[in-house]
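One-letter residues, chain by chain:
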Amino acid sequence: LAALTVTVAAGALGALDDLAGSASRKGLRGHLGALRRREVTTGAVKVAGLALTGLVGAVNADRGRRAADEAVGVVVNGPASTASAAVSTVVGGAVVAGAANAANLFDLRPGRALKVVMGAAGPLALAGSTSAGAALGASAGVIGDDLAGVSMLGDTGANAAGALVGLALVERTGLRGRLVALGVLTALTLASERISFTKVIEANGVLRRIDEWGRVRP
């Protein structure tokens, strides 16, 4: 249920931005600036929607984890544990939303975002995450056309794939791991406002070769 929720919702929010969004407002700064002028952009709607999507996904994931723990006799009670669990779920929701946005930040060249998704999902899939396995399999299924320029992810695909990886992180980590993931995702988001990921990749030989591998040149 959690995987289905975040995939469909994040994809739908991305589709809204793809189909009705304007290129005049870009990045978190652009959308927040528009809000200050009382202008609601599709990007702002997507940010709010992804936050809600991430929270719903984290709630369902943690509910499933608690049910599994109770099934084997592991029960933790008390106000402190309840408060900690609530904080962990909220942070988990932010991780899902942040991962959805982060995947979209890399969708600037054919195949790039899918390579990032596959690189992040691979270890999680090996660790037993079915959400990561779904993200890995779906990415592998479409990366050929993306690299060839026959199709593209857009916000629709990138947001859905990133949210699924974020959910996999939530499913496999506790509060500490989620805080680390959220810190990394926040740093990436803030960095994207000031630096070009493409320039960074092209300036590094190893990253450039990975980025260009399989891409069909015009």
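Residues numbered from 1 in each chain as written. Predicted model: local features only at pLDDT ≥ 70, side-chain atom pairs only at ≥ 80, totals over all residues. Heavy atoms only, no water.

> I would appreciate a short explanation of the overall build of the chain in the present structure.
The helix and strand inventory of the chain stands at 10 helices and 0 strands. Sequence-ordered secondary structure for the chain, helices as α and strands as β, is α-α-α-α-α-α-α-α-α-α. Burial analysis of the chain (218 residues in total) assigns 38% to the buried set. A separation of at least 24 residues holds for 81% of the contacts in the chain among residues at least 6 apart in sequence. As presented, the chain carries roughly 11,700 Å² of accessible surface, and 66% of it is formed by carbon and sulfur atoms. (Helix = DSSP H or I, 4+ residues; strand = E, 2+ residues; numbered from the N terminus. Buried < 20%, exposed > 50% of the residue type's maximum accessible area, 1.4 Å probe, protein only. Contact = heavy atoms within 4.5 Å. Areas by Shrake-Rupley, 256 points an atom, 1.4 Å probe, with all protein chains shown as cover.)

> Would you take a moment to explain the packing of helix 5 (residues 112-126) against helix 6 (residues 130-148) for this structure?
How two helices sit against one another is set out by the angle between their axes and by the gap between those axes. Running from N to C, helix 5 and helix 6 cross one another at 155 degrees; their axes reach a closest spacing of 9 Å. Our classification of the angle between helix 5 and helix 6 gives roughly antiparallel. Between helix 5 and helix 6 lies a crossing of left-handed hand. Across from L114, K115, V117, M118, A121, G122, L124 and A125 in helix 5, the residues of helix 6 making contact are A132, G133, A135, L136, S139, A140, V142, I143, D146 and L147. The class makeup of the residues in the contact of helix 5 with helix 6 is 13 nonpolar, 3 polar and 2 charged. (Axes fitted to C-alpha atoms, helices over the stretch in contact; angles between N-to-C directions. Parallel < 35°, antiparallel > 145°, perpendicular 65-115°, else oblique. Left-handed = near helix turned anticlockwise from the far one by under 90°. Nonpolar A, V, L, I, M, F, W, Y, C, P; charged D, E, K, R; others polar.)

> Can you walk me through the environment of T130 in this structure?
The topology assignment puts T130 in helix 6. Spatially, the C-alpha atom of T130 lies 7.7 Å from that of A168, the residues being 38 residues apart in sequence.

> Any chance you could explain helix 8 (residues 175-192) here in plain terms?
Since one α-helical turn is 3.6 residues long, residues separated by three or four positions face the same way. Taking 1.5 Å of rise per residue, 18 residues should cover 26 Å, and helix 8 covers 26 Å from first to last C-alpha, within 8% of that figure. When we look at burial in helix 8, the residues that qualify are R178, A181, L185 and T189. An end-on view of helix 8 places all buried positions within 75 degrees of arc, on one side of the element. Pointing more than 90 degrees away from the buried face of helix 8 are the exposed residues R176, V180 and L190. (Expected span 1.5 Å × (residues − 1). Arc of directions from axis to C-beta.)

> Mind showing me how you'd approach the pattern of salt bridges here?
Two side chains that carry opposite charge are able to pair once their charged atoms sit near each other. Counting across every chain of the model gives 5 salt bridges. Between D62 and R178 there is a salt bridge whose closest N-O contact spans 2.7 Å. Of this pair, D62 sits in helix 3 (residues 42-71) while R178 sits in helix 8; the two residues are 116 residues apart in sequence, bridging distant segments of the chain. When salt bridges that share partners are traced, they join D17, K46 and D155 into one network. (Salt bridge = Lys/Arg side-chain N within 4 Å of Asp/Glu carboxyl O.)

> Sorry, what's going on with helix 6 here?
With 19 residues, helix 6 should cover 27 Å at 1.5 Å per step; its first-to-last C-alpha distance of 28 Å lies within 8% of that length. Along helix 6, the sharpest kink reaches roughly 45 degrees, centred on V142. Among all positions in helix 6, only S131, A132, A135, S139, I143, D146 and L147 are buried. Near the N-terminus of helix 6, the side chain that reaches the backbone nitrogen of S131, with its oxygen 3.4 Å away, is that of S129. One or two residues past the end of helix 6 sits G149, with phi positive at roughly 80 degrees. (Bend = angle between axes of the 7 residues up to and from the residue. Polar contact = N/O pair within 3.5 Å; in protein donor to acceptor, adjacent residues only side chain to side chain.)

> Please clarify how the packing of helix 6 against helix 7 (residues 154-172) should be interpreted in this entry.
With their axes 8 Å apart at the nearest point, helix 6 and helix 7 run at an angle of 155 degrees to one another. The angle between the axes of helix 6 and helix 7 places the two elements in the roughly antiparallel class. In terms of crossing hand, the pair formed by helix 6 and helix 7 is left-handed. From helix 6, S131, A132, A134 and A135 reach across to helix 7, where they touch A161, L164, V165, L167, A168 and E171. Residue composition of the contact of helix 6 with helix 7, grouped by class: 8 nonpolar, 1 polar and 1 charged.

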